[in-house]
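If you want the building blocks of each chain, they are given just below.
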Amino acid sequence: MGSFDEEWAQLQAAAREEQLATRLNTSEGGGAGGVGPSDGLTARTEAQRRAADLLETEILPDARREGDRPVDDLDQAAGRMSGWACAAGLRTASEVWAGKVERLTNQLRAEADALRDVATGFVGGELETMHQFGQLGYYSPYGQIGPYAGGMPGSGLDGIE
């Protein structure tokens, strides 16, 4: 009986240690592996846009071309077997396959659009946050921003740098 309790205590201690070590986007262990401990969570919008471009310019055309190849082959085979019962089955298989190719290409297009939307959303969110902090008079990494730089009068934020 003592061995279960000991093992349970060890597992709980290990879970607490792991929870303490987990940090987003840090190089201090347990995190997503960022450049340094003060980098914060980042989104690489240019990488997202490049990924969207790659989807649309390379992967999508390749998927369409390779997906259409069996459709053409099935249609030709069905034409050669005209009058046979299997010709109808080949046509059905061709139609089903064409529908799957269409859904795949639609999904790839939607993924590319979503990547662009996320990139745009991150940029817009960052600008909105900078604007909100600017109204409070905070400093940005790019210098002083906002109408109340140095703090709002009587707000308790005077002298924040």
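Chemist: How should I be thinking about the environment of A77 in this particular structure?
Modeler: Here A77 lies in helix 2 (residues 45–80). When the C-alpha atoms of A77 and L90 are compared, they prove to be 7.3 Å apart, with 13 residues separating the residues in sequence.

Chemist: Please clarify how helix 2 should be interpreted in this entry.
Modeler: Given 3.6 residues per turn, any residue in an α-helix points the same way as the ones three and four places further on. Along its 36 residues, helix 2 runs 51 Å from first to last C-alpha, staying within 8% of the 52 Å computed at 1.5 Å per residue. Of all bends in helix 2, the biggest is about 35°, found at L55. Where helix 2 is concerned, the buried positions are T45, Q48, A52, L55, L60, A63, G67, V71, A77 and A78. Next to the buried residues of helix 2 lie helix 3 (85–136).

Chemist: Just to check I follow, could you spell out the pattern of salt bridges for this structure?
Modeler: A pair can form between side chains of opposite charge whenever their charged atoms are brought close. Taken as a whole and assessed by the stated rule, the structure comprises eight salt bridges. For E56, the salt bridge goes to R116, with nearest N and O atoms at 3.2 Å. Placement of the pair is E56 in helix 2 and R116 in helix 3, with a sequence separation of 60 residues. The exposure class of R116 is partly exposed, given its relative accessible area of 24%. Of the charged contacts in the structure, one is a salt bridge between E66 and R65, with a shortest N-O distance of 3.7 Å. Each member of the salt-bridge network shares a partner with another, and the members are D62, R65, E66 and R69.

Chemist: Please clarify how helix 3 should be interpreted in this entry.
Modeler: Look at helix 3: 77 Å from first C-alpha to last across 52 residues, which is about the 76 Å you get at 1.5 Å a residue. If you check which residues of helix 3 are buried, you get A87, L90, S94, V101, T105, L108, A112, A119 and G134. Buried residues along helix 3 sit in contact with helix 2.

Chemist: Is there a simple way to think about the nonpolar core in this case?
Modeler: Grouped burial of nonpolar side chains is what soluble globular proteins tend to show. Within the largest apolar cluster, six residues are counted, these being A52, L55, L60, A63, L108 and A112. A per-element tally of this core places helix 2 first, with four residues. The contacts of A52, once residues within four sequence positions are left out, are A112, L115 and R116.

Conventions and cut-offs
- Along each chain, the written sequence defines residue order, and numbers are assigned to residues from 1.
- Selection of residues for local features in this predicted model requires a pLDDT of at least 70, selection of side-chain atom pairs for listing and counting requires 80 or more, and totals for whole chains, interfaces and linings are taken over all residues.
- Side-chain numbers here rest on the full set of heavy atoms in the structure, without hydrogens or water.
- Where helices and strands are cited, they refer to DSSP runs of H or I of at least four residues and of E of at least two residues respectively, numbered from the N terminus.
- Any helix carries an expected span of 1.5 Å times its number of residues minus one.
- Bend angle per residue: angle between axes fitted to the 7 residues ending at that residue and the 7 residues starting there.
- Relative accessible area decides the class of each residue, using a 1.4 Å probe on protein chains only: under 20% of the type maximum gives buried, over 50% gives exposed, and in between gives partly exposed.
- The contact criterion used is simple: two residues touch if any of their non-hydrogen atoms lie within 4.5 Å.
- A carboxyl oxygen of Asp or Glu within 4 Å of a side-chain nitrogen of Lys or Arg is what we treat as a salt bridge.
- The definition of a nonpolar core used throughout is a set of buried Ala, Val, Leu, Ile, Met, Phe, Trp, Tyr and Cys residues joined through side-chain atoms within 4.5 Å.

Honestly, it's all geometry; don't read function into it.
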